Amino acid sequence: MTRTFLLVALGGALGSSARALVGLLVPSPWATLLVNVAGGLLMGWLFALLGSGTALGALLMTGALGGFTTFSAFSLDALRLVEGGRGGQALAYVSASVALSLLACWVGLRLGRLA
């Protein structure tokens, strides 16, 4: 467990650093679009190669791509629902994720402005 945690932490540091670099090189919102699409592509590719539950998967998928973009994990979760024949759940998951995330961001913004 400690080894996996350290691998995720290392990967997260690398992924977050890569995300910051993209943000310095590419103007917003295009940097966000770029990392989300690249992260989704890499997540699918790595999952096909590694599956889940491996040390390398913890480093690269959970850590690096998690630090680079959480959208990649969201994409994989939705795709796994679709591939599992649960298209309705996938649609609900995607819809709820987008709507609730936007709502939560708006609420956070409003709360922050009250402070």
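The name given to the protein in an unreviewed UniProt entry is Fluoride-specific ion channel FluC, with Rubellimicrobium aerolatum as the source organism. Within the UniProt record for the protein, the comment given under Subcellular location (unreviewed entry) is "Cell membrane". Quoted verbatim from the Function (unreviewed entry) field of the UniProt record, the comment on the protein reads "Fluoride-specific ion channel. Important for reducing fluoride concentration in the cell, thus reducing its toxicity."

What follows concerns the overall build of the protein. If you tally the helices and strands in the protein, you get five helices and zero strands. When the helices and strands of the protein are listed from N to C terminus, the series reads α-α-α-α-α. For the protein, the spread of C-alpha atoms along the principal axes amounts to about 45 × 40 × 30 Å. Burial analysis of the protein (115 residues in total) assigns 23% to the buried set. Partitioning the contacts of the protein with sequence separation of at least 6, the portion at a separation of at least 24 is 54%. Here the protein has roughly 7,700 Å² of accessible surface; of this, 73% comes from carbon and sulfur atoms.

Attention shifts here to the UniProt feature "transmembrane region" (unreviewed entry) in the protein. In the numbering adopted here, UniProt assigns the feature "transmembrane region" (unreviewed entry) to residues 30-50, 57-78 and 90-109. Taken end to end, residues 90-109 comprises 100% helix and 0% strand; its first and last C-alpha atoms sit 28 Å apart.

Further remarks concern the UniProt feature "binding site: Na(+)" (unreviewed entry) in the protein. According to UniProt, the positions carrying the feature "binding site: Na(+)" (unreviewed entry) are Gly66 and Thr69. Counting through the fold element by element, Gly66 comes out in helix H3 (residues 55-68). A relative accessible area of 31% places Gly66 in the partly exposed class. Relative to the helices and strands, Thr69 resides in the loop between H3 and helix H4 (71-83). In this view, Thr69 contacts Val35, Asn36 and Gly39; residues no more than four positions away in its chain are not counted. There is a polar contact of 2.6 Å between the side chain of Thr69 and the side chain of Asn36.

Detailed reading of the predicted coordinates is not advisable wherever pLDDT is low. Per-chain confidence: the protein averages 94 in pLDDT, with 100% of residues scoring 70 or above. Within the protein, H4 has the poorest average pLDDT of any element, 92, and helix H1 (residues 2-25) the best, 97.

Moving on to the packing of H1 against H3. When two helices pack together, you describe them by how their axes are tilted relative to each other and by the distance separating the axes. Contact geometry of H1 with H3 gives a least axis separation of 6 Å together with a crossing angle of 35 degrees. For the element pair H1 and H3, the recorded crossing hand is right-handed. Contacts from Arg3, Thr4, Leu7, Val8, Leu10, Gly11, Gly12, Gly15, Ser16, Ala18, Arg19 and Val22 in H1 reach Ala55, Ala58, Leu59, Thr62, Gly63, Ala64, Gly67 and Phe68 in H3. Split by residue class, the contact of H1 with H3 holds 10 nonpolar, eight polar and two charged.

So, how was this worked out
- Residues numbered from 1 in each chain as written.
- Predicted model: local features only at pLDDT ≥ 70, side-chain atom pairs only at ≥ 80, totals over all residues.
- Heavy atoms only, no water.
- UniProt positions renumbered as here; feature names shortened; annotations may be inferred.
- Helix = DSSP H or I, 4+ residues; strand = E, 2+ residues; numbered from the N terminus.
- Buried < 20%, exposed > 50% of the residue type's maximum accessible area, 1.4 Å probe, protein only.
- Contact = heavy atoms within 4.5 Å.
- Areas by Shrake-Rupley, 256 points an atom, 1.4 Å probe, with all protein chains shown as cover.
- Polar contact = N/O pair within 3.5 Å; in protein donor to acceptor, adjacent residues only side chain to side chain.
- pLDDT = per-residue confidence, 0-100.
- Axes fitted to C-alpha atoms, helices over the stretch in contact; angles between N-to-C directions.
- Left-handed = near helix turned anticlockwise from the far one by under 90°.
- Nonpolar A, V, L, I, M, F, W, Y, C, P; charged D, E, K, R; others polar.

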